[in-house]
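Letter by letter, the chains look like this.
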Amino acid sequence: DYNTDGTVTNARTISELNSKWHDGPITISADGNTAYFASESFKEKESSKTDKKANAKFGQVYLFKTTKSGDKWGNIDEVSFNDTTFSNSNPSLSRDGKTLYFSSNRPGSLGGTDIWKVAIADDGTFGEPQNLGNKVNTEGNESFPFIADDNKTLYFASSGRQGLGGLDVFQIDLSNGGDATNL
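Residues numbered from 1 in each chain as written. Predicted model: local features only at pLDDT ≥ 70, side-chain atom pairs only at ≥ 80, totals over all residues. Heavy atoms only, no water.

**Some remarks on the overall build of the chain**
The number of helices and strands found in the chain is 0 helices and 14 strands. Reading the chain from its N end, one meets helices and strands in the order β-β-β-β-β-β-β-β-β-β-β-β-β-β. Computed over the C-alpha atoms, the radius of gyration of the chain is 17 Å, within 12% of the 16 Å expected from 2.2 N^0.38 for a compact globule of 183 residues. With the principal axes as the frame, the chain shows a C-alpha extent of 50 × 40 × 35 Å. Taking all 183 residues of the chain together, 36% fall into the buried category. Accessible area of the chain: about 10,500 Å², with a carbon and sulfur share of 47%. Positive and negative side-chain charges of the chain, numbering 18 and 25 respectively, have mean locations separated by a distance of 5 Å. (Helix = DSSP H or I, 4+ residues; strand = E, 2+ residues; numbered from the N terminus. Rg over C-alpha atoms; globule rule 2.2 N^0.38 Å. Buried < 20%, exposed > 50% of the residue type's maximum accessible area, 1.4 Å probe, protein only. Areas by Shrake-Rupley, 256 points an atom, 1.4 Å probe, with all protein chains shown as cover. Lys, Arg positive; Asp, Glu negative; His and termini not counted. Charge placed at Lys NZ, Arg CZ, Asp CG, Glu CD.)

**Observations regarding the sheet that holds strand S11 (residues 142–147)**
Strand order in the open sheet formed by 4 strands is S11-S12-S13-S14, with antiparallel pairing between adjacent strands. Among the strands making up the open sheet, the edge pair consists of S11 and strand S14 (181–182). Of the pairings in the sheet, the one linking S11 to strand S12 (residues 153–158) comprises 4 bridges and is antiparallel in character. Within S12, the position partnered with serine 143 by the bridge is alanine 157. (Pairing = 2+ DSSP bridges.)

**Here's the deal with unusual backbone geometry**
As a rule of thumb, non-glycine residues mostly have phi less than zero, and peptide bonds are mostly trans rather than cis. Despite not being glycine, asparagine 90 shows a phi value in the positive range, around 50 degrees. On the secondary structure map, asparagine 90 appears in strand S7 (residues 88–93). Of note in the backbone geometry, phenylalanine 144 takes a positive phi value of approximately 55 degrees without being a glycine. For phenylalanine 144, the location among the structural elements is in strand S11. In this structure phenylalanine 144 comes out as partly exposed when scored by relative accessible area, which is 47%.

**Considering the sheet that holds strand S6 (residues 72–78)**
Overall, antiparallel pairing links the 4 strands, which are arranged S1-S2-S5-S6 in an open sheet. Sheet topology places strand S1 (23–28) and S6 at the edges, where each strand pairs with a single neighbour. Adjacent strand axes in the sheet meet at a mean angle of 30 degrees when their direction is disregarded. Bridging between strand S5 (residues 61–69) and S6 involves 5 bridges; their strand directions are antiparallel. Counted as the bridge partner of lysine 65 is aspartate 77 from S6. (Axes fitted to C-alpha atoms, helices over the stretch in contact; angles between N-to-C directions.)

**Some words on the packing of aromatic side chains**
This model, assessed by the stated rule, comprises 6 aromatic pairs. Arranged with centres 6.4 Å apart and planes meeting at 40 degrees, the rings of phenylalanine 146 and tyrosine 155 form a pair that is tilted. Given the relative accessible area of 28%, tyrosine 155 is considered partly exposed. Judged by centre distance (5.9 Å) and plane angle (25 degrees), the rings of phenylalanine 156 and phenylalanine 170 are stacked. Taken together, the positions of phenylalanine 156 in strand S12 and phenylalanine 170 in strand S13 (residues 168–173) put the pair 14 residues apart, joining distant regions of the chain. Here phenylalanine 156 matches phenylalanine 170 in class, with each residue buried. A cation over an aromatic ring shows up here: arginine 106 above the ring of tryptophan 116, its NZ or CZ 5.3 Å from the ring centre. (Phe/Tyr/Trp six-rings, centres within 6.5 Å; stacked < 30°, edge-to-face > 60°. Lys NZ or Arg CZ within 6 Å of the ring centre and 35° of its normal.)

**Digging into the nonpolar core**
Counting residues in each nonpolar core, the largest one holds 12 residues, listed as Tyr36, Ala38, Leu63, Val79, Phe81, Leu93, Leu100, Phe102, Trp116, Val118, Ile120 and Phe126. Secondary-structure elements contributing two or more residues to this core are strand S2 (34–40), strand S8 (99–104) and strand S9 (114–119). (Core = buried A, V, L, I, M, F, W, Y, C linked by side-chain atoms within 4.5 Å.)

Any functional reading would require information beyond the geometric quantities listed.
If you want it as structure tokens, here you go:
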């Protein structure tokens with residue numbers, strides 16, 4: 001519960017979404033009824049690879065969509081652009097619900113992990129994911145996108161830009177073609 005004084009109380013787990021695997025970042029639509037979240041591909045049995053000799057299981061991070069009915073989350077579906085050969089993670093949904101930003105090491109990335117976006121049609125289907133290009137992405141890793149309510153200010157972490165080291169936080173105005181600035 002978010003209180004008027006800015007404090008948060010009564011935190012509780014969302015048991016319908018949590019699994020025994022790593023369940024990562026979540027983004028929730030403005031109306032509070034649709035969410036996208038990251039989770040290990042082990043949820044989907046055919047999506048993980050097993051190396052019996054090494055006694056190891058290998059997977060990717062996938063994005064899932066869920067909808068709320070009453071006060072329970074359900075209808076958990078893997079997004080159509082997941083793939084067994086790369087990860088999709090760290091979703092951030094635009095305020096209007098028409099664009100999903102995420103990080104991925106999918107083919108076409110400029111570095112290890114890049115920031116991508118995908119259009120969401122009115123019927124809930126997805127367009128073709130688009131790399132945000134070299135104004136955002138570098139040969140390093142970019143991750144943890146967050147699109148502000150203005151649908152043009154993107155915050156993200158980067159290891160490939162001049163900074164203090166590791167993943168510095170950057171901001172870019174996607175509407176004007178300017179450069180990202182280190183916060």
